[in-house]
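Structural overview for review
Single-letter residue listing:
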Amino acid sequence: MNGKLEPGLYIVATPIGNLSDLTPRAAETLARADLIAVEDSRVTAKLLQHIGVKRPMQPYHDHNADKVRPGLIARMASEAIALASDAGTPLISDPGYKLVRDARAAGVMVTTIPGPSAVIAALTLAGLPTDRFAFFGFLPARAGARAAAIADAGTFRGTLAFYESGPRLAATLAALRDGLGDREAAVAREISKRFEETVTGPLSALAARYESNPPKGEIVIVVGPPGEAETASEADMDAALREAMKTLSPSRAAAEVAARLGLPRRQVYERAQQLK
Ligand code: SAM
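Quick caveat: nothing in here was measured; it's all calculated off a predicted structure.

Criteria and cut-off values
- Per chain, residue numbering runs from 1 following the sequence as it is written.
- For a predicted model such as this one, the threshold for reporting local features is a pLDDT of at least 70, and the threshold for listing and counting side-chain atom pairs is 80 or more; totals across whole chains, interfaces and linings nevertheless cover every residue.
- Hydrogens are left out, water is left out, and the side-chain values use all remaining heavy atoms of the structure.
- By definition, any uninterrupted DSSP run of H or I lasting at least four residues is a helix, any uninterrupted run of E lasting at least two residues is a strand, and each is numbered from the N terminus.
- Summary of the burial criterion: residues with accessible area below 20% of their type's maximum are buried, those above 50% are exposed, and those between are partly exposed, where the area comes from a 1.4 Å probe applied to protein chains only.
- Throughout, a residue-residue contact means that at least one pair of heavy atoms, one from each residue, lies within 4.5 Å.
- Surface exposure here means Shrake-Rupley accessible area, sampled with a 1.4 Å probe, where a residue is shielded only by the protein chains that are shown.
- Neither His nor the chain ends is counted toward charge; the positive residues are Lys and Arg and the negative residues Asp and Glu.
- Lysine's charge is taken at NZ, arginine's at CZ, aspartate's at CG and glutamate's at CD.
- Here, proximity means that at least one heavy atom of the residue falls within 4 Å of the molecule or strand.
- In the analysis that follows, any N or O atom pair within 3.5 Å is treated as a polar contact, provided that within protein one partner can donate a hydrogen and the other can accept it, and provided that, for residues neighboring in sequence, both atoms belong to side chains.
- In this scheme, strands are said to pair when DSSP sees at least two bridges between them.
- Between N-to-C directions, angles span 0 to 180 degrees; the directions come from axes that are lines fitted to C-alpha atoms, helices contributing only their stretch in contact.
- Any angle that falls under 35 degrees is termed roughly parallel, while one over 145 is termed roughly antiparallel, one within 65 to 115 roughly perpendicular, and all others oblique.
- Left-handed describes a crossing whose near helix is turned anticlockwise from the far helix through less than a right angle; right-handed describes the clockwise counterpart.
- Gly is put with the polar residues, along with every residue not named as nonpolar or charged; the nonpolar set is Ala, Val, Leu, Ile, Met, Phe, Trp, Tyr, Cys and Pro, and the charged set is Asp, Glu, Lys and Arg.
- The salt bridge criterion pairs a side-chain nitrogen of Lys or Arg with a carboxyl oxygen of Asp or Glu, the two atoms within 4 Å.
- Aromatic contacts are taken between Phe, Tyr and Trp rings whose centres are within 6.5 Å, Trp giving its six-membered ring; a plane angle under 30 degrees counts as stacked, one over 60 as edge-to-face, and the others as tilted.

Brief notes about the overall build of the protein chain
A count of helical and extended segments in the protein chain gives 11 helices and 10 strands. Principal axes of the C-alpha set define a box for the protein chain whose edges measure 70 × 40 × 30 Å. For the protein chain, buried positions account for 46% of its 276 residues. A fraction of 70% describes how many contacts in the protein chain between residues 6 or more apart in sequence connect residues 24 or more apart. Of the accessible surface of the protein chain, which amounts to about 13900 Å², a share of 52% is contributed by carbon and sulfur atoms. Averaged over its 33 positive side-chain charges, the protein chain has a centre that lies 4 Å from the centre of its 31 negative ones.

Quick notes on the site of the ligand
Of all residues adjacent to the ligand, which total 19 residues, the nearest are Asp94, Ser117, Ala118, Tyr163 and Ile219. The backbone of Ala118 places a nitrogen or oxygen atom 2.8 Å from an oxygen atom of the ligand. Within the backbone of Ile191, an N or O atom sits 2.9 Å from a nitrogen atom of the ligand. Relative to its free-state accessible area of 570 Å², the ligand is covered by the protein chains to the extent of 90%. Only strand S7 (159–165) and strand S10 (218–223) provide two or more residues apiece to the shell around the ligand. Per element, the largest residue contribution to the shell around the ligand is three residues, and it comes from S10.

As for the sheet that holds S10
The strand order S6-S7-S10-S8-S9 describes an open sheet built from five strands, whose pairing is mixed. Here the strands that pair on one side only, and so sit at the sheet edges, are strand S6 (133–138) and strand S9 (197–202). Adjacent strand axes in the sheet meet at a mean angle of 20°, parallel and antiparallel pairs treated alike. With four bridges connecting them, S6 and S7 associate as parallel partners. Counterpart to Phe138 in the pairing with S7 is Tyr163. Sitting on the sheet, helix H8 (residues 203–211) is in contact with strand S8 (184–189), S9 and S10, with an inclination near 130° to S9.

Let's talk about the packing of helix H7 (residues 169–180) against H8
Contact pair H7 / H8: the axes reach a minimum separation of 8 Å and the direction vectors enclose 160°. Comparing the axis directions of H7 and H8 gives the class roughly antiparallel. Crossing geometry of H7 relative to H8 is assigned as left-handed. Residues Leu169, Ala170, Leu173, Ala174, Leu176 and Arg177 of H7 form the contact with H8, whose participating residues are Leu203, Ser204, Leu206, Ala207, Tyr210 and Glu211. When the residues that make up the contact of H7 with H8 are grouped by side-chain class, the tally is nine nonpolar, one polar and two charged.

Examining the pattern of salt bridges
The final tally for this structure, using the stated rule, is 15 salt bridges. The salt bridge involving Glu28 is made with Arg32; its shortest N-O contact spans 2.7 Å. In this pair, Glu28 and Arg32 are both assigned in helix H1 (residues 24–32), four residues apart and thus about one turn of the helix distant. On the basis of relative accessible area, Glu28 is assigned to the partly exposed category, the value being 32%. Across the pair Arg271 and Asp238 runs a salt bridge, and its minimum N-O distance is 2.7 Å. Of this pair, Arg271 sits in helix H11 (residues 265–275) while Asp238 sits in helix H9 (residues 234–244), placing them 33 residues apart in sequence. With a relative accessible area of 25%, Arg271 lands in the partly exposed category. Overlapping salt bridges, with partners in common, bring together Asp66, Arg69, Arg101 and Asp102 in one network.

Things to note about the packing of aromatic side chains
Summed over the entire model, instances satisfying the criterion amount to three aromatic pairs. With centroids separated by 5.5 Å and ring planes inclined at 25°, the aromatic side chains of Phe136 and Phe162 adopt a geometry described as stacked. In this pair, Phe136 sits in strand S6 while Phe162 sits in strand S7, placing the two residues 26 residues apart along the sequence. Relative accessible area serves as the criterion here: at 29%, Phe136 is assigned to the partly exposed category. You can call Phe162 buried: its relative accessible area is 0%. A ring pair is formed by Phe138 and Tyr163, whose centres lie 5.7 Å apart and whose planes are at 65°; its orientation type is edge-to-face. Within this pair, whereas Phe138 is found in strand S6, its partner Tyr163 is found in strand S7, the two being separated by 25 residues in sequence.

Section: the sheet that holds strand S5 (residues 110–113)
One open sheet holds the five strands; their spatial order is S3-S2-S4-S1-S5, and the pairing between them is parallel. Looking at the sheet topology across the chains shown, the edges are occupied by strand S3 (57–59) and S5. Mean inter-strand twist for the sheet, computed between neighbouring axes without regard to direction, equals 25°. Pairing analysis gives four bridges linking strand S2 (residues 35–38) to strand S4 (residues 80–84), with the strands arranged parallel. Along S4, the bridge assignment pairs Val38 with Ala84.

Printed below as a string of structure tokens:
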């Protein structure tokens, strides 16, 4: 683990729970970097301690990123700067994309040391189709904004993945059921840690399970694509559109109904235009 690294930016994935998941190349890069840009230096210090190294760290998070980014970019011309978040892959619901964008614009070398990410780990656990999936990070906390985001997510005809916290889990599962229909889903919790658990079932059953029993720990929700059995009839679509258009414009009603019934948006929009 000696010798200098080529100058540039090194995106380093770190474990999402089990420290043994740090890859040898990630450990070597952290050990040899001139500086590590970190979300929280206390968290990364524990990881460095685990591999027995000490390196200089520079906090890089949502509150100081704009201020410290130019200095980091300038240093990348002659030094190896690693970027590590508290857990998992940087840039995935974590800071970093503007650092990569500006590093590229400055013409410095950018490379990644891939490794764990909770969304990918959860997709492997859920037992739901993985040929087409979309990741939406954390849904908004406010009910209205959350419902709109879910309607938007529902226009994607594949598996959906969301990050969530224990106290909000039941309300989010209920909102997903209301917005998407009662699709098959999975709640993957504490992946790679001692109390790892994945519970699968329809959204309604998962919402009921967690309502009286909010779980602890870190969570990924995976929701399966709309199934054949859920394909709504034209009568269902017309009834839903008439109801929705009492309060929404035809295009918003079409978006909402398409997401809820798992129908193609264009088809529902054309019907909304006929019914208005
Ligand atoms: N960059 C990280 C990644 O690649 O997964 C994600 C960072 S995001 C701020 C943190 C969220 O990821 C948590 O709130 C949780 O939803 C999810 N998460 C992280 N570790 C997890 C784990 N071990 N099990 C389940 N979900 C996890």
